[in-house]
Amino acid sequence: MVRFSYMRMKYLFISWLVVFIGSWVMYVQYSTYTELCRGHDCRKIICDKYKTGVIDGSACSSLCAKETLYFGKCLSTKPSNQMYLGIWGNLQGVIKCQMEEAAQLDFGTDPQPRKEIILFDKPTRGTTVEKFKEMVYGFFKAKLGEQGSLSELVNIILSFADGNKDGRVSLPEAKSAWALLQLDEFLLMVMLQDKEHTPKLMGFCGNLYVIERVEYTSLYGISLPWIIELLIPSGFRRSMDQWFTPSWPRKAKIAIGLLEFVEDIFHGPYGNFLMCDTNARNLGYNDKYDLKMMDMRKIVPEMNLKEMIKDRPCESDMDCVYGTDCRTLCDQSKMRCTTEVIQPNLAKVCQLLKDYLLRGAPSDIHEELEKQLYLCIALKVSANQVEMEHSLILNNLKTLLWKKISHTTDS
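Now for a quick tour of the structure. No experiment lies behind these values; they were computed from the predicted model shown.

## Considerations on the sheet that holds strand E4 (residues 201-205)
Phase 1: Taking strand neighbours across the sheet as the criterion, the five strands line up as E1-E2-E3-E5-E4 in an open arrangement whose pairing is antiparallel. Strand pairing shows two members of the sheet lacking a second neighbour, strand E1 (69-74) and E4, which therefore form its edges. Across the sheet, the mean angle from the axis of one strand to that of its neighbour is 30°, orientation sign disregarded.
Phase 2: Bridging between E4 and strand E5 (residues 208-212) involves four bridges; their strand directions are antiparallel. Within E5, the position partnered with Leu201 by the bridge is Ile211.

## Some words on helix H6 (residues 171-181)
Phase 1: Across the 11 residues that make up H6, a large majority, 10, are buried.
Phase 2: Those residues of H6 not exposed but buried are Pro172, Glu173, Ala174, Lys175, Ser176, Ala177, Trp178, Ala179, Leu180 and Leu181.
Phase 3: Where H6 is buried, its residues touch helix H4 (129-144), helix H5 (150-161), helix H7 (184-191), E4 and E5.

## Comments concerning the pairing of E1
Phase 1: In this sheet, strand E2 (residues 81-88) lies alongside E1 in antiparallel orientation, the contact comprising four bridges. Its bridge partner being in E2, Phe71 is matched across the sheet by Gly86.
Phase 2: Hairpin connection of E1 to E2: six residues between the antiparallel strands.

Definitions and limits used
- Residues numbered from 1 in each chain as written.
- Predicted model: local features only at pLDDT ≥ 70, side-chain atom pairs only at ≥ 80, totals over all residues.
- Heavy atoms only, no water.
- Pairing = 2+ DSSP bridges.
- Helix = DSSP H or I, 4+ residues; strand = E, 2+ residues; numbered from the N terminus.
- Axes fitted to C-alpha atoms, helices over the stretch in contact; angles between N-to-C directions.
- Buried < 20%, exposed > 50% of the residue type's maximum accessible area, 1.4 Å probe, protein only.
- Contact = heavy atoms within 4.5 Å.

Written out as structure tokens, the structure is:
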């Protein structure tokens, strides 16, 4: 009887402990969710501005009047950057909404207090279309530098801003377009809308925009519930990722797409862009294994980054990092960050692809593939003839992969 009573107390205590821990985890998760997922706030702000005639756009009526654009599953990773699966009529997309004033470049912790949010204050009433074009041109010139194709880019923006396609840009449409241009991801998406690896823009309203949905997010083929993610050690999780990748020819096709995207943003018609967070979670692919860039918020104009970092005070190189992957050096004589980013995009992408491509690679190309990937990872921006080396290594990798899969159904 004594033993029975002891065992019963023991099991009761363990049950109580499990319930307590489970409740605490659920509470923490709920609190995190309510902080991260503020779609109702985003919709209220946008629709209030739309209904009072401040903003307009191709998605406004569906979101705020017809209510045929719905917020679905929350995908947000930061409270300021709201992201949801969306349903627009019979189409599926991803809704993105900026909840706070866009910081041009966020280098770690900002010592300055966050500015009060000011949305849709430009252009002002009385601004003509020509004056708005000048505003946009000046903005591009400051952000991208002197590029011969800036006038063409301005016309692309005005065409997109004409949400109802009536041949003119109204003041509310211009306010929406100006707010969106402050977001690097939106600007890059407009520039690359004719490129295969950029998701299509479906519509906008204020600083909210909708892009096409891609079924498979991340390079890997498994997604687990958050409670299981908490319990799995990170090392074991990385091994699991490798187990659930597509077949090697399909991985090769996805990798070719990523290399082509690097080509698209490397000294293109609107300047050079830097990938400052090369994480597998930022990538996706469709059912044909065509790569799609799912999160481009940390891909920034090179000139813009250099302008922002050139006078930044520093004590070590760790103070000169944007995102996770854009690093410059700290000049100890001046205690200021230098402006030259150490690694080019291609080197960072090859580091991401190394294990992904080498695991399961055909034996007849494994050695050459490994050699090319390590040459790629060793690329430095400061090296002489970096553009020539960049192009040579990129073309060698694409050719090697394509030759191996060009005769397969996966190509």
